[in-house]
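Structural overview for review
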Amino acid sequence: MKGEINILGARENNLKNINISIPWHKYTVITGLSGSGKSSLALDTLYAEGMRRYVECLSTYARQFFERVDRPDMDDITGLPPVIAIESRNQVKNSRSTVGTTTEIYDYLRLLFAKIGRIFCPNCQIEIKRHSPQSISEDLIKNNRDKKALITFPIGENGISPQELMSKGFIRIIYQGEVIEVEELSMIPEGSEAVVDRIVINKNSSSRITDSIETAFSESNYINVHFVDRSVLKYSRDLECPYCQRRFNKPTPLLFSFNSPQGACPACRGFGNILDIDPDLVVPNPEKGLAQGAIEPLTKPSLKDEMKELLQFARRKGIDINTPFKSLPEDAKKSIFEGEGRFPGVKGYFRYLEEKSYKLHVRIFLSKYRSAFTCGSCNGTRLRPEALWVKVEGKKISDIADMPIEESSIFFQGLTLSDYEEKIAGEVLKQIRSRIDFLQKVGLGYITLSRLTKTLSGGEAQRVDLACQLGASLSEVLYIMDEPSIGLHPRDIDKLISIIRELRDRNNTVVVVEHDFDMIRSADYIIELGPLAGERGGEVVYQGPTEKFLNNSHQSITRLYLTQKERIPIPIKRRREKEKNLTVIGTSENNLKNITVSFPLGTFVCVTGVSGSGKSSLVHDVVYSSLARIFHSELEKVDKCREISGTSYISDVVMLDQTPIGKSSRSNPVTYIKAYDEIRRVMSDTWEARARGFSASHFSFNVPGGRCETCQGEGRQKIEMHFLADIFVTCEECHGRRFKKEVLDVRYKGKNVAEILNLTIDEGIWFFSDVLTLIRKLKILQDVGLGYLRLGQPAPTLSGGEAQRIKIARELGRKDGKNILYILDEPTVGLHIEDIKKLLRVLNRLVDAGNTVIVVEHNLDVIKSADYIIDLGPEGGERGGYIIAQGTPEEVAKIKESYTGIYLNNVLQRQTIADPL
């Protein structure tokens with residue numbers, strides 16, 4: 001069946017009334033400059049309309065549980081299949097969600113363990129199962145052939161008379177290892193066993209053994225088999241240990257679920273960790289003595305009495321209050337924390353505060369000094385002990401969940417089952433193996449099933465969702481993906497392409513918003529939007545087959561880079577100041593292997609490596625966290641590394657990530673870079689504003705005065721619909737202009753404040769040509785490639801890449817910006833190569849100003865432009881965490897053991913040295 005999706009008159013956001021055709025059952029890439037309208041087409045039009053149609057099919061009651069989706073601004077859309085969007089952001093915040101539960105692999109694991117898992121007694125370490133006479137007979141013949149044995153059963157605790165025992169046909173007993181005739185006894189000693197049969201175990205005696213065991217079971221739930229060498233085998237008819245009499249229940253799938261009360265550890269309730277007072281946070285600076293405030297929480301004015309009590313206790317105990325806390329004896333530290341006598345200790349103070357945790361400020365105070373510690377009851381497995389007594393092939397379910405995907409794949413491929421077990425678990429194993437295979441295909445072989453979903457990066461979360469869709473085996477579906485190559489090393493791009501093609505080959509339509517050249521070349525169909533960004537974007541530059549795109553003569557920025565007619569040049573000279581380094585000594589955070597790393601200061605440094613190799617662990621969890629503790633007095637744990645040296649050479653550390661610059665629609669680019677202060681000053685200096693007595697605050701929508709109080713400067717109002725989703729409507733008072741009428745009557749060069757905020761940054765530079773202080777700030781936004789944004793564009797509407805570049809612009813405008821360490825984690829996310837060229841230009845401006853820039857990156861154009869590269873690997877997960885290569889790009893490109901070096905070498909060989917950026 002052939003067909004296509006036809007979009008007529010799309011006008012969402014900056015789209016210019018465009019018509020688009022997307023062929024069914026093809027792999028289509030939507031590309032173009034950042035801000036050209038790609039997401040507006042793919043997500044805000046295609047996905048939004050698909051979602052709206054789905055929600056419209058539901059009842060009014062069901063719709064209240066869904067986000068309200070408005071009809072996209074367009075004329076019509078036809079041929080639209082059911083839509084699934086796989087976005088490049090991790091929206092999971094739940095601490096119970098893991099990779100295993102998200103992919104449903106853990107659900108199949110629970111079923112596998114419930115059906116074929118073997119129970120082992122925790123005391124005796126033997127397998128527990130229900131025995132029948134036939135199974136016991138087979139076990140004895142298999143393992144004890146030709147041995148002489150006595151088959152017995154224990155006589156009950158209530159006792160039995162010799163006459164009664166003989167009347168049942170039993171004439172001998174075993175007591176303390178000796179066989180005694182019953183007729184010689186006046187009473188049966190406690191702990192005796194009745195002898196059922198004396199026999200030689202072999203195939204010929206199989207039926208006799210079975211009959212004897214049946215006889216024994218008719219008298220007791222247990223039977224014992226005594227051999228000549230005085231060894232004893234014990235069997236039980238129930239799920240019970242015959243040696244220690246511990247009883248067991250038959251496993252059910254819920255027993256292995258940490259989200260169910262039946263399976264969750266009672267101590268941590270299935271979370272795997274518990275919150276407790278962290279000594280490292282209570283004593284953030286162990287160089288201080290007690291008198292100098294080593295116990296940080298007791299330095300607060302509200303706890304001055306407790307501080308006095310602590311010092312009095314220390315003097316009574318002979319503890320020197322001026323000695324650094326780290327030098328105190330261990331027993332003294334224990335007394336300070338645990339308390340002694342009438343002194344409650346630091347933990348006693350916190351227990352007292354916990355009684356008042358109904359107060360918000362107390363909860364906030366307590367949270368500052370708590371950390372998550374592995375639960376002592378379940379050791380982080382999240383499950384109650386009974387679940388961990390069940391094993392498959394010698395492995396507990398927690399052991400399998402803690403394996404990297406690559407290891408678990410080997411385990412399940414090599415799993416050998418009996419014919420009976422294969423019949424029961426064959427289909428379950430098939431599902432587990434296929435889903436694990438999909439995770440490997442998307443390049444996530446290094447993660448574990450027990451990994452919390454909320455700890456995944458946006459790219460990892462997207463690839464987990466992609467693996468889930470592969471496992472679902474759907475057809476005739478439209479898949480929309482937003483940059484699935486995020487976080488992927490060039491080595492793994494081919495795997496991703498093969499998966500997308502696999503989805504397409506199942507009669508699905510795949511639409512991908514992408515900038516990666518390999519992803520674009522592999523597509524069947526290309527749609528390029530542009531020609532530029534923002535108001536100058538939103539038009540169709542090209543739509544058609546990939547072959548024609550590469551050979552077409554149309555004016556396409558993407559095609560120029562694809563055909564190497566345009567490229568990012570390699571710097572002629574690399575910066576390197578060898579005498580100044582920031583050195584991290586002995587870090588073992590996450591999967592890092594006790595490495596020592598030096599970052600040359602005053603340079604542009606790239607940290608590279610395959611996904612999961614330890615890049616973010618090194619740069620964010622170690623370098624940034626350690627420096628934030630020093631420069632920002634943030635309470636962080638101190639065991640990130642043994643030592644970090646060279647901090648005296650830097651004045652501050654700044655993380656430039658892609659988190660939003662604000663959650664309120666009142667936050668916008670000019671307020672973030674402090675340019676709006678200048679605009680308000682200009683407006684308040686006009687003759688009309690002075691005549692009305694308006695100050696600069698009257699032109700602010702953040703404070704009462706000149707803003708519209710009906711919508712409080714938002715420009716829109718939220719209407720609560722009770723059992724339906726809330727809706728937002730334009731404010732009827734100010735008609736979305738945010739200010740009172742009398743404020744809007746004030747004009748500068750013919751425009752009021754609302755009209756000025758609606759100007760683009762490029763237009764704003766021209767409009768305020770005579771206000772030099774304002775032009776300097778707006779020019780920085782233009783330099784980072786954001787000239788197309790409107791001055792008052794609400795922060796929630798900005799992409800991650802745009803938010804990050806606004807943060808860079810603010811740093812470029814700092815007057816005290818020198819010797820600062822800037823850290824960026826994959827800044828090229830969402831950026832076209834033309835925008836990457838602009839990004840590199842502004843990053844180099846930061847370095848030229850005397851700062852250091854450290855970037856975690858996979859993009860080869862950024863890597864080749866760096867002054868210094870630190871490459872981690874060789875693989876992800878446990879097989880990563882080592883330094884594979886370090887040096888200039890040219891030096892790293894010569895190292896064959898480095899995957900980054902191999903791909904970098906190809907890039908450097910294709911490109912001649914050009915002028916510096």
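All of these numbers come straight from a predicted model, not from anything done at the bench.

About the thresholds
- Residues numbered from 1 in each chain as written.
- Predicted model: local features only at pLDDT ≥ 70, side-chain atom pairs only at ≥ 80, totals over all residues.
- Heavy atoms only, no water.
- Pairing = 2+ DSSP bridges.
- Helix = DSSP H or I, 4+ residues; strand = E, 2+ residues; numbered from the N terminus.
- Axes fitted to C-alpha atoms, helices over the stretch in contact; angles between N-to-C directions.
- 1 Å grid on protein atoms, 1.4 Å probe; cavity = no way out; pocket = protein on both sides within 12 Å on 5 of 7 lines; lining within 4 Å.
- Points joined across faces, edges and corners; volume = space filled by probe spheres on them.
- Nonpolar A, V, L, I, M, F, W, Y, C, P; charged D, E, K, R; others polar.
- Contact = heavy atoms within 4.5 Å.
- Salt bridge = Lys/Arg side-chain N within 4 Å of Asp/Glu carboxyl O.
- Buried < 20%, exposed > 50% of the residue type's maximum accessible area, 1.4 Å probe, protein only.

Right, let's talk about the sheet that holds strand E1 (residues 4-10) for a bit. In space, the three strands of this open sheet follow the order E2-E1-E4, with antiparallel pairing throughout. Only two strands of the sheet have a single neighbouring strand rather than two, namely strand E2 (18-23) and strand E4 (76-78). Neighbour to neighbour, the strand axes of the sheet diverge by 5° on average, direction disregarded. Note: E1 against E4, three bridges, orientation antiparallel. Counted as the bridge partner of Leu8 is Asp76 from E4.

A word on empty space enclosed by the protein. Tallying each qualifying case throughout the model produces two cavities of 30 Å³ or more. In this structure, the largest cavity spans a volume of roughly 50 Å³. In terms of lining residues, the largest cavity is bounded by His489, Gly609, Val610, Asp871, Leu872, Gly873, Pro874, Ile884, Glu897, Ser898, Tyr899 and Thr900. Put simply, the parts of the chain that give the lining of the largest cavity at least two residues each are strand E30 (868-873) and helix H34 (899-910). Residue contributions to the lining of the largest cavity peak at three residues, all from E30. Among the residues making up the lining of the largest cavity, the classes are represented as five nonpolar, five polar and two charged.

It is worth spelling out the sheet that holds strand E10 (residues 178-181) at this point. Spatially, six strands are ordered E10-E9-E11-E8-E12-E13 in an open sheet, and the strand pairing comes out antiparallel. Across the chains shown, the open sheet's two edge strands, defined by having one partner strand only, are E10 and strand E13 (232-236). Each adjacent strand pair in this sheet contributes to an overall mean axis angle of 35°, direction not counted. When strand E8 (residues 148-154) meets strand E11 (residues 193-200), the two strands line up antiparallel, connected through seven bridges. Within E11, the residue paired with Ala149 across the bridge is Ile199. Packed on one face of the sheet, helix H5 (residues 133-143) meets strand E12 (222-227) and E13 and runs near 160° to E13. Packing against the sheet, helix H7 (residues 206-219) makes contact with E8, E11, E12 and E13, and its axis sits at approximately 175° to E11.

Position of Gly443 relative to the elements: it lies in the loop between helix H16 (419-441) and helix H17 (458-472). Each C-alpha atom of the pair Gly443 and Arg491 lies 9.5 Å from the other, and the pair is 48 residues apart in sequence.

A word on the pattern of salt bridges. The full count for this structure, using the stated rule, is 47 salt bridges. Note that Glu181 and Arg172 form a salt bridge whose closest N and O atoms lie 3.2 Å from each other. Taking relative accessible area as the criterion, Glu181 reaches 26% and is therefore assigned partly exposed. Residue classification places Arg172 among the partly exposed positions, given a relative accessible area of 29%. Ionic pairing is found between Glu287 and Lys326, a salt bridge with its closest N-O pair at 2.7 Å.

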